Amino acid sequence: MARAKISLIGGGQIGGVLAQLACLRELGDVVLFDIVEDMPQGKTLDLAEASPIDGFDVSCTGTNSYTDIADSDVVIVTAGLPRKPGMSRDDLIEVNSKIMTAVAEGIRDNAPNAIVIVISNPLDAMVTLCRKVTGFPAERVIGQAGVLDSARFAAFIAWELEVSVKDVTAMTLGGHGDTMVPLIRYASVQGIPVMEMLEQKYGSAAKAEEVMTAMVERTKAAGGEVVKLLKTGSAFYSPASAAIAMTESILKDQKRVLPVCALLNGEFGVDGFYVGVPCVLGAAGIEKIIEFKLDATEQALMDNSANAVKGLIADLEKMGVL
Ligand code: APR
């Protein structure tokens, strides 16, 4: 059986970690594309030379030519500038939309059957633009944000409750920005509500609320927290891990339920916009959008987040790129 093929557009910080994770897990042959001459070839040569040590048998090559992404099963896009301290993801829209347009044309013309996972920011706008330019069906153009935002939320909960990260379930909905919606009601440790465990720990509902609010706020600002510390560039290990989890679910047809940025058709009261929601990811890409009932507070937060995404899309329209 032929191995799967994964192409990575953008060979920077995230692209490099994506290549390494895909190789270590032997998810398929990896092609790393970048416009910078020689850099993707150098990175992949370095990585391939680690294969006897790590014991992976997939191939890993670098390129500056889109023709090398032909027949990709999955294409992951990280091309674009990352944030600098003090910038919001939305500040990247002008420069990254030009890059995304070029990248999406390259994918459309060279890998027309691929499933595309977009990581470039501002995510909700970039995935919308990628879909428009490729013309691919919505189930094959997916944004990575929710897996990462949810992982950050889960990590904070696990650290606070001093339990394994493996036993925490936590999910965020909405856009990949300050308006994202970490779902408190559904956060659990092996099904036990996190709020109940916090009340037990602190012996007071008010204190539990306070601690949860701090974790929610930290989740919303988590990308910026990393940017501030790094000073140059933004998070790269965790976004790469998130996109690899999505890729694995697709290539192995695992049908995992993961929060991803999907084009909604009325679900959660959002119509015609890409927003983060739980989806079944399998061989066909987004195989199902899972809708469930939000309470009034959650729905108001979701509406607010969807409105922020709509604002970004309006910006793209004003710029004439959408
Ligand atoms: N085509 C392909 N690659 C491009 C293009 C283009 N038109 N323009 C820039 N690139 C490449 C750069 O050469 C660089 O190697 O994209 C890469 C981006 O890498 P980094 O600057 O290291 O950024 P990274 O941390 O990987 O983040 C990439 O993901 O999370 C988002 O906000 C982040 O938008 C940013 C993206």
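Given the structure is predicted, the values throughout are model-derived calculations rather than measurements.

## Brief notes about the domain arrangement of the protein chain
Its domain assignment divides the protein chain into domain 1 (5-145) and domain 2 (146-322). For domain 1 and domain 2, the distance between their C-alpha centres works out to 22 Å. Buried area between domain 1 and domain 2, both sides added, is near 3,800 Å², and the carbon and sulfur share of it is 71%. It is Arg-89, Asp-124 and Ala-145 in domain 1 that bury the most area against domain 2; as a group they hold 17% of the surface buried on that side. Linking domain 1 with domain 2 are one salt bridge, by the criterion used here. For Arg-25, the salt bridge is made with Glu-248, and the minimal N-O distance between the two is 3.6 Å. Applying the counting rule to domain 1 against domain 2 returns nine residue pairs in polar contact (both at pLDDT 80 or more). At the level of elements, α1 (13-24), β4 (74-77), α4 (93-110), β5 (115-118), α5 (123-134) and β6 (141-143) are the ones that each hand at least two residues to the side of domain 1 that touches domain 2. Of the residues forming the side of domain 1 that touches domain 2, the biggest block, eight residues, is contributed by α5. Looking at side-chain class alone, the side of domain 1 that touches domain 2 contains 24 nonpolar, six polar and twelve charged residues.

## Details of the site of the ligand
In the vicinity of the ligand there are 23 residues, among which Gln-13, Ile-14, Asp-34, Thr-78 and Leu-81 approach most closely. Within the backbone of Gln-13, one N or O atom sits 2.8 Å away from an oxygen atom of the ligand. Asp-34 is positioned with one of its side-chain polar atoms (N or O) 2.6 Å from an oxygen atom of the ligand. Taken by itself the ligand offers 730 Å² of open surface, and the protein chains cover 86% of this.

## Quick look at the sheet that holds strand β10 (residues 188-189)
The strands that make up a sheet pair up through hydrogen bonds in the backbone, lying either parallel or antiparallel. Here three strands make up an open sheet; going across it, the order is β7-β10-β11 and the pairing antiparallel. At either end of the open sheet lies a strand with only one pairing partner, and these are β7 (168-169) and β11 (192-193). Bridge count between β7 and β10: two bridges; the pairing is antiparallel. Following the sheet pairing, Val-168 is matched in β10 by Val-189.

## Focus on the pattern of salt bridges
Oppositely charged side chains can form a pair if their charged atoms are brought close together. The final tally for this structure, using the stated rule, is 14 salt bridges. Among the ionic pairs, Glu-287 bridges to Lys-255, the shortest N-O distance being 2.6 Å. Of the two residues, Glu-287 is situated in strand β14 (residues 285-289) and Lys-255 in the loop between α10 (237-251) and β12 (256-265); the sequence distance between them amounts to 32 residues. The exposure class assigned to Glu-287 is partly exposed, which follows from its relative accessible area of 33%. Residues joined by salt bridges that share partners form a network here, namely Arg-25, Glu-248 and Lys-252.

## Remarks on unusual backbone geometry
Following Asn-121, the chain continues into Pro-122 via a peptide bond in cis, with omega recorded as -5 degrees. For Pro-122, the position within the fold is in the loop between β5 and α5. Even without being a glycine, Glu-162 presents a positive backbone phi close to 55 degrees. Among the structural elements, Glu-162 can be located in the loop between α6 (146-161) and β7. With phi around 50 degrees, Asp-253 is a residue other than glycine that occupies positive phi space. Turning to its location among the elements, Asp-253 is positioned in the loop between α10 and β12.

## What to know about the environment of Ala-114
In this structure, Ala-114 sits in the loop between α4 and β5. When its relative accessible area of 0% is taken as the criterion, Ala-114 is described as buried. C-alpha of Ala-114 to C-alpha of Ile-69: the two residues are 45 residues apart in sequence and 9.6 Å apart in space.

## Examining the packing of helix α7 (residues 194-202) against helix α8 (residues 205-220)
In a pair of packed helices, the angle between the axes and the distance between the axes together describe the arrangement. The contact between α7 and α8 brings their axes to 8 Å, and the two run at 125 degrees. For the element pair α7 / α8, the angle class is oblique. Of the two possible hands of crossing, α7 and α8 adopt the one that is right-handed. Between α7 and α8, the residues in contact are Val-194, Met-195, Leu-198, Glu-199 and Tyr-202 and Ala-205, Lys-207, Ala-208, Glu-209, Val-211, Met-212 and Met-215, respectively. The class makeup of the residues in the contact of α7 with α8 is nine nonpolar, no polar and three charged.

The rules behind each value
Residues numbered from 1 in each chain as written. Predicted model: local features only at pLDDT ≥ 70, side-chain atom pairs only at ≥ 80, totals over all residues. Heavy atoms only, no water. Domains from an automatic or database assignment. Buried area = accessible area lost by both parts, 1.4 Å probe. Salt bridge = Lys/Arg side-chain N within 4 Å of Asp/Glu carboxyl O. Polar contact = N/O pair within 3.5 Å; in protein donor to acceptor, adjacent residues only side chain to side chain. Helix = DSSP H or I, 4+ residues; strand = E, 2+ residues; numbered from the N terminus. Nonpolar A, V, L, I, M, F, W, Y, C, P; charged D, E, K, R; others polar. Near = heavy atom within 4 Å. Areas by Shrake-Rupley, 256 points an atom, 1.4 Å probe, with all protein chains shown as cover. Pairing = 2+ DSSP bridges. Buried < 20%, exposed > 50% of the residue type's maximum accessible area, 1.4 Å probe, protein only. Axes fitted to C-alpha atoms, helices over the stretch in contact; angles between N-to-C directions. Parallel < 35°, antiparallel > 145°, perpendicular 65-115°, else oblique. Left-handed = near helix turned anticlockwise from the far one by under 90°. Contact = heavy atoms within 4.5 Å.

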